[in-house]
Amino acid sequence: MGGRDLTDPPPDRLPTAPPPHADGLPDREALRRFITESAGRVGKREISRAFGLGPQHKAALRALLRDLALEGTLVPAGAKRFRASSALPEATVVQVTGTDPDGDPVARPVAWDGDGPAPVVFMHPEQKGRPALAPGERVVARLKRLGPGRYEGRTLRRLTDAPGRIVGLFRATPATGDAPPRLGAEAGRVIPADKRSKAEWIVPAAETLGAEGDEIVIAEPLPQAGPGLKSVRIVERLGRMGDPRSVSLLAIHTHGIPDAFPAEALAEAERARGVSAAGREDLRAVPLITIDGADARDFDDAVYAEPDGDGFRLIVAIADVAHYVRPGSALDREAQRRGNSVYFPDRVVPMLPEALSNGWCSLRPGEDRGCLFAEIHIDASGTKTRHRFGRGIMRSAARLTYDQARQAGEADPGESENGSALPDGLITTLFAAWRALSTARARRGTLDLDLPERLVRFDPQGRIASIDPRPRYDSHRLIEEFMVLANVAAAEELDRRRRPCLYRIHAPPSPERAEAMRDSLSTLGYDLPPVGTMRARDLDAVLDRASGTDAAGLVNETILRAQSQAEYSPDNIGHFGLALPAYAHFTSPIRRYADLMVHRALVGIGTTPPDGLPAADAARLDEIGAQVSATERRAALAERETTERYVAAWLGEQVGCECDGHVSGVTRFGLFVTLTQTGATGLVPLSTLSDDVWMYDESTQTLRARPPHGQQGGMRFQLAQKVTVRLVEATPVTGGLLFALAGPQAPARRDPAARGPRRPRGARPR
C-alpha cells in the first residue's frame, strides 16, 4: 500500500526542523533535538521529509544515525527507527543485581523511568581490603558511558547498612588427602541461586560454618584481595537442596521476604476476640458461602445471590480486618512492611499472624464473624444499577471448594458436600448471576489471558509427586467476576464521596512494547490495530482466534509480556486490561495491605472511627502505593522462581526423558522451548543443532538451516512450532533447564573433526 505507514506519527505531531547544513545534512545537535521533540519513534523517512533530504543523502544519513546510536545519543526503537536516549547522570544510585563471569558486580539504576529495560552498569571491583559488592546492595556510583544501555561504574559511597548477602548452594571441594586443609585454603564454593549471578564465590576452609555439600546457605562477602572470584563466609545454613521445604526457604531469603513476626504483633493478634452485633447490620440469616481452593486455609470472601426482578441482588461479604489491625499498631506496621502474603507450593508467608489470618479474620462455616459487605444490584444484562456498603456480622453457611461448587452448579443438589444445608437454587442463582456479569464483561471488551498455573503436589514424605496445570473451572470465574464487581463498586463509592483511595491501575502497553507485540504476533498470522489505537478488546479478539490452536499458549505469553505492570496509586488512570475507568482492591484484606487501606477509607465515610483511614496515611497514599506495589512484584517473582526450581528438581530425576513442547522463543544462540505438561521453559543451544549454517531472521523470528554442499531443504524453526525435546540438564538451585531436540527433528551430526565454525547468520539483534 502507498501513503503513510499507519505506525508513523501523524505529520502534525512532527516538530519543525531547522535549516540543514550546507552539505544538506543536519548537524548532530539539530538531529538529536528533532528526534527528542518528535512524538514516538522516528525513521529516515520522517527525517528526510523534515530536513528536505533527497536520495543522494541516504548513505550519509544512515552513517550519521549509526554514529549517534553507537555513542548512545539515540536508541534503536524498532525496524530502522530511533528515539532519543535517556542518559544517566554522572553520579547515581545503583543496586547490584548479580555478577559477571569474572565475579565482578553488575548493577542497574534504582531510579529508571526511561522506555525499555534499564541500562546495565558494570561495576569495578572494590578497593583492596573492602568486602565485594553482593546482590541487593545499593551504592552511589560514578558512571561512564560505554555505549547504548551500558555503563561502567565505580563506588563513591555505600548506602546499605549491612553487607550484601549471597543465597545459594554450597558445593564442597573434593578432599585431596587425609591432611586437614591449610588456613585460607578453598573448602568449597557457593553457586548463587540468582540466575543473574554468573560467577561462583569461594568459601575458605575456616568460613564454612560446618556446612556440608549440597546445602543451601547464606553467605557474606569477605574483604577482597585482588581480581578473580571473590571469597565469602557462610553465616546461615538453610537445609539440603533435596528437601522440598528448603526450595521455598531459598526464595524467602533471596528476596528478603519477612517470615517471622515481631513479638508485639503476635501479642496483639492473640488478644483478638470476636465482634458483637452492636452497630453492625445482622447478616447471619443470609446464607453466604465461601468458595476457595481445596488447600485454602483463610477464607476472606463470601458470596450470595437472589433473583431481583429481571436481574439479581448480590452480596459480597469480606472479613473485617480493619477492626483488628488498627492504624499505627504493631500489626499494622508489620502488615505494611510485608505488603501481602506470599504463596509457595509448600507454605504460605502470611501478611497477618495465623491467629487472625486463619482465625478471627477467616469466614469459617457456622461461626460469627465481622465483615464489610457490598450489596449490589445488577440487571439481566449484567449492568450494575446500584450498590451500597455496610459493616455487618455474618455466619458462613458453607465452605465449598471450586470443584464442589462446579459439581453443585451442574447438579444443584441443594446441599454442599460437607453436609451444610444450602437453600434450594442458591448455586444455580450464583451461576446465573455470573453468566450475566460475563455478558457485561464481554460487552466492554476485557483482556482475558489464559495462562495456566502449575500445581505442585507432594507425597506423604514431602517429595514432589507431580507437577500439573492447575484446573480452572467456571466456579473460579464466578468468584473472579463477583470480586471484580465489588472492587468496581468500592472505587466508585470512594470516588463519588471524594474520599482518598488507593486505586488498582493498569496503563496500556508502552508504544515500544506494543509495536514489538504487533511484530511478534504478525509472524504468527495475527494482526492488531496501529499503536495508539489498540484497546483491550483488540487483544482479546486475537486471544479468541488463537484459542484451541497450537499457538494459543505463545499468543497468551506474547500479549502478557507486552503489558504494563498493574500497580497501586492514589492517581486514577483506569485499568486497561479490565477496560474499567475506576478499580480498587477491596476483597482480600487478609493478604493485601492495599485492600485494608480501601476498607479503612470505606469505614471512615461519615464517621471518624479508630479503625478508619487516618489523615496522615491519606496524605502518604502515593508512598504506600509504591511500597505495596514493590512487595507485590517481589512476591510474584519469588513464587515464580520457586515453581521453576521445583520443576527443575522434579525433572532433575528424569534427565534423558523426552517431552513434548513448543518453540516459545527464537534467538541467535538457540531456541527456547516450553513444555506442554509442566509449562517449564528451557534452552536448546545452537551448539546442539545440526552442523548446518544457521540463518537467524529477526523480523520473522525464525532460525533456518542452510545445508552444506549445496543440498536443498534444511530445518526451520519458528514460534509456536511443536517440537519434542530431550532433557539434558536441570539445575534446581537456579531453576534452569537445558534441552536437545529429539524425535524427527533431532540433528544428524557429522564427524566432529569435520566441523567448522558455525555462527548463525542474519540481522544483528537490536
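Residues numbered from 1 in each chain as written. Predicted model: local features only at pLDDT ≥ 70, side-chain atom pairs only at ≥ 80, totals over all residues. Heavy atoms only, no water.

### With respect to the sheet that holds strand 5 (residues 105-109)
For clarity, the threshold we go by: Pairs of strands are assigned from DSSP output, requiring at least two bridges between the strands. Runs of H or I in DSSP of at least four residues are treated as helices and runs of E of at least two as strands, each being numbered from the N terminus. Between the N-to-C directions of two axes lies an angle of 0 to 180 degrees, each axis being a line fitted to C-alpha atoms and, for a helix, fitted only over the stretch in contact.
The strand order around the closed barrel formed by five strands is 4-5-6-8-7, and the pairing between neighbours is mixed. Mean inter-strand twist for the sheet, computed between neighbouring axes without regard to direction, equals 50 degrees. Relative to strand 8 (residues 150-158), strand 6 (residues 120-123) runs parallel, the two being bridged by four bridges. Residue pairing for strand 8: Met-123 is matched across the bridge by Gly-153.

### Things to note about the environment of Leu-249
Here is the rule we go by: Throughout, exposure labels follow a simple rule: accessible area from a 1.4 Å probe, protein chains only, divided by the maximum for the residue type, with under 20% read as buried, over 50% as exposed, and the rest as partly exposed. Residue contacts are defined here by distance: any two heavy atoms, one from each residue, within 4.5 Å place the two residues in contact.
With respect to the helices and strands, the residue Leu-249 is situated in helix 4 (residues 244-254). Here Leu-249 falls in the buried class, since its relative accessible area comes to 19%. In this structure, the C-alpha to C-alpha distance between Leu-249 and Ile-216, residues 33 residues apart in sequence, is 8.9 Å. Apart from the residues lying within four places of it in its own chain, the contact partners of Leu-249 are Leu-238 and Arg-347.

### Structural notes on empty space enclosed by the protein
Counted only if it meets this: The pocket and cavity definitions rest on a 1 Å grid over protein atoms only: a 1.4 Å probe that fits but cannot leave marks a cavity, an open set with protein on both sides within 12 Å along at least five of seven lines marks a pocket, and residues lining either have an atom within 4 Å of a point. Grid points are joined across faces, edges and corners, and a volume is the space filled by probe spheres set on the points. In this count, Pro and Cys sit with the nonpolar residues alongside Ala, Val, Leu, Ile, Met, Phe, Trp and Tyr, while Asp, Glu, Lys and Arg are called charged and the others, Gly among them, polar.
This structure, assessed with the given rule, holds two cavities of 30 Å³ or more. Along its surface, the second largest cavity is lined by Asp-104, Pro-105, His-124, Pro-125, Glu-126, Ala-132, Leu-133, Gln-224 and Lys-230. Broken down by class, the residue content of the lining of the second largest cavity amounts to four nonpolar, two polar and three charged.

### Quick notes on the side chain of Arg-645
The condition that has to hold: By the criterion applied in these results, polar contacts are pairs of N or O atoms within 3.5 Å in which, for protein atoms, one can donate a hydrogen and the other can accept it, and in which residues neighboring in sequence qualify only through two side-chain atoms.
Its place among the elements puts Arg-645 in helix 16 (residues 621-652). Relative accessible area serves as the criterion here: at 1%, Arg-645 is assigned to the buried category. There is a polar contact of 3.1 Å between the side chain of Arg-645 and the backbone oxygen of Ala-193. With residues near it in sequence (within four places) discarded, Arg-645 still touches Ala-193, Asp-194, Val-247, Leu-250, Ala-251, Pro-732, Val-733, Thr-734 and Gly-735.

### A few points about the pattern of salt bridges
The line we're drawing: For salt bridges, the criterion is a side-chain nitrogen of Lys or Arg within 4 Å of an Asp or Glu carboxyl oxygen.
A complete count under the given rule lists 47 salt bridges for this structure. In this structure, Asp-320 engages Arg-280 in a salt bridge whose closest nitrogen and oxygen atoms are separated by 2.8 Å. Taken together, the positions of Asp-320 in the loop between strand 17 (311-319) and helix 6 (330-338) and Arg-280 in the loop between helix 5 (263-270) and strand 14 (281-282) put the pair 40 residues apart, joining distant regions of the chain. The burial state of Asp-320 is the same as that of Arg-280; both residues are buried. Residue Arg-337 is joined to Glu-334 by a salt bridge in which the shortest nitrogen-to-oxygen separation is 3.0 Å.

### Observations regarding helix 14 (residues 593-603)
Here helix 14 lies mainly inside the structure; 11 of its 11 residues are buried. Restricting attention to buried positions, one finds in helix 14 the residues Tyr-593, Ala-594, Asp-595, Leu-596, Met-597, Val-598, His-599, Arg-600, Ala-601, Leu-602 and Val-603.

### Focus: the side chain of Thr-734
As for its position among the elements, Thr-734 is in the loop between strand 33 (722-731) and strand 34 (736-742). Looking at Thr-734, the relative accessible area reads 19%, which means it is buried. From its side chain, Thr-734 meets the backbone nitrogen of Gly-736 in a polar contact 3.3 Å long. If we skip the residues at most four places from it in the chain, Thr-734 touches Pro-192, Ala-193, Lys-195 and Arg-645.

### Topic: the packing of helix 14 against helix 16
This is how it is decided: With respect to orientation, any angle under 35 degrees is reported as roughly parallel, any angle over 145 as roughly antiparallel, any angle of 65 to 115 as roughly perpendicular, and every other angle as oblique.
Where helix 14 meets helix 16, the axes come as close as 10 Å, and the angle between the chain directions of the two elements is 150 degrees. Considering their axes alone, helix 14 and helix 16 lie roughly antiparallel with respect to each other. Across from Tyr-593, Ala-594 and Met-597 in helix 14, the residues of helix 16 making contact are Leu-621, Ile-624 and Val-628.

### Concerning the packing of aromatic side chains
Our working definition: Here a pair means two rings of Phe, Tyr or Trp (six-membered ring of Trp) with centres within 6.5 Å. Their orientation is stacked below 30 degrees between planes, edge-to-face above 60, and tilted elsewhere. Whether a charge lies above a ring is judged from NZ of Lys or CZ of Arg, which has to be within 6 Å of the ring centre and within 35 degrees of the ring normal.
According to the stated counting rule, one finds six aromatic pairs in the structure shown. Ring geometry for Phe-34 versus Phe-51: centroids 5.5 Å apart, planes at 70 degrees, classification edge-to-face. Of this pair, Phe-34 sits in helix 1 (residues 28-37) while Phe-51 is found in helix 2 (residues 44-51), placing the two residues 17 residues apart along the sequence. Exposure class is identical for Phe-34 and Phe-51. Each is buried. Judged by centre distance (5.4 Å) and plane angle (85 degrees), the ring pair of Phe-389 and Phe-586 falls under edge-to-face. Residue Phe-389 is located in strand 21 (residues 384-395), and its partner Phe-586 is located in the loop between strand 26 (567-569) and helix 14; the two are separated by 197 residues in the primary sequence. We classify Phe-586 as buried; its relative accessible area is 0%. Stacked on the ring of Phe-261, the Lys or Arg Arg-338 has its end atom at 3.6 Å from the ring centre.

### Regarding the packing of helix 12 (residues 536-546) against helix 13 (residues 552-562)
We apply this condition: The sense of a crossing depends on the near helix, which, turned anticlockwise from the far helix by less than a right angle, makes the crossing left-handed and, turned clockwise, makes it right-handed.
For the pair helix 12 and helix 13, the least separation of the axes is 9 Å and the interaxial angle reads 165 degrees. Comparing their axes, helix 13 and helix 12 come out roughly antiparallel. Where helix 12 crosses over helix 13, the handedness of that crossing is left-handed. Together, Leu-539, Val-542, Leu-543 and Ala-546 of helix 12 and Ala-552, Val-555, Asn-556 and Ile-559 of helix 13 make up the contact between the two elements. Looking at the contact of helix 12 with helix 13 residue by residue, the class counts come to seven nonpolar, one polar and no charged.

### Details of the pairing of strand 8
Inspection of the sheet shows strand 7 (residues 138-147) paired to strand 8 by eight bridges, in the antiparallel sense. Of the residues in strand 8, the one forming a bridge with Arg-142 is Arg-154.

### Thoughts on the pairing of strand 20 (residues 368-378)
The element strand 20 is largely enclosed, with a buried count of 10 among its 11 residues. Pairing of strand 17 with strand 20, which is carried by eight bridges, proceeds in the antiparallel orientation. Across the sheet, residue Ala-317 finds its bridge partner in strand 20, namely Phe-373. Direction of pairing for strand 20 relative to strand 21: antiparallel, over a ladder of 11 bridges. Bridge pairing in strand 21 places Ile-376 opposite His-387. Counting the residues that bridge the hairpin from strand 20 to strand 21 gives five residues, and of these Gly-382 lies at a positive phi of roughly 90 degrees.

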